[in-house]
Amino acid sequence: MSSRKVLFLVAMLFVFLGYFSSQEVLAAKERKPISKSSDQRFSDYGDGTILDSKTGLMWMKKDYWLLEGKHLNWYKAKEFLQKVNHKKYFGYSDWRLPTPDEAVTLYERRKRNRDKDGDYFFIDRICPKGSGWCTWTSKVKGQQAVVVSYKGQGGREFQDKINGPDAFLRLVRDPKE
């Protein structure tokens, strides 16, 4: 194949990719939420995602417990993350574990929701009731990773990546501007 043809094909590829990525950005800006939280902080887009206007982060509306019905250790959380991105859950392939600082932003003591056991935990009710009361995060130290809790006073602590108790997962992404 001549270098001219290769150059033409490469140019067409860039035009093609540029068109579709700009279409994705336009579509995201034109999206309208189907509902908002009582304080207008969270927008539910009806596609399994929630946008947090305070942090700019997009969260999966349902956590691992609501999607899969079981607990998971940190390694299973990483496997689930790969699956979610490979299958483009809710139309995206850039989901990730939240940092502890990101995960803790969901905790709001004045907001009450019910977890999988029917107990109160403190995240907005725009998230469905019946989910897990904590999440694994991306912060690791050796064989431990930080878990952020939404029960009681909230908080974060290192848990064993394999044998951490009753661990759950809530995934996040940075929406493109």
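A brief look at the structure comes next.

What counts and how
Residues numbered from 1 in each chain as written. Predicted model: local features only at pLDDT ≥ 70, side-chain atom pairs only at ≥ 80, totals over all residues. Heavy atoms only, no water. Helix = DSSP H or I, 4+ residues; strand = E, 2+ residues; numbered from the N terminus. Buried < 20%, exposed > 50% of the residue type's maximum accessible area, 1.4 Å probe, protein only. Contact = heavy atoms within 4.5 Å. Areas by Shrake-Rupley, 256 points an atom, 1.4 Å probe, with all protein chains shown as cover. Pairing = 2+ DSSP bridges.

Our next topic: the overall build of the protein chain. The helix and strand tally for the protein chain stands at four helices and ten strands. Going from the N terminus to the C terminus, the protein chain shows its helices and strands as α-β-β-β-β-α-α-α-β-β-β-β-β-β. Classification of the 177 residues of the protein chain by burial places 38% in the buried group. For the protein chain, contacts bridging at least 24 residues in sequence account for 54% of all contacts bridging at least 6. Summed over its atoms, the accessible surface of the protein chain is roughly 10400 Å², and 55% of this surface lies on carbon and sulfur atoms.

On to the sheet that holds strand E1 (residues 35–36). Two modes of strand pairing occur in sheets, parallel and antiparallel, and in both the strands are linked by backbone hydrogen bonds. In space, the five strands of this open sheet follow the order E1-E2-E3-E4-E10, with antiparallel pairing throughout. Either end of the sheet is taken by a strand with one partner, and the two such strands are E1 and strand E10 (172–173). Bridging between strand E2 (residues 42–44) and strand E3 (residues 49–52) involves three bridges; their strand directions are antiparallel. Residue pairing in the sheet places Asp44 in a bridge with Ile50 of E3.

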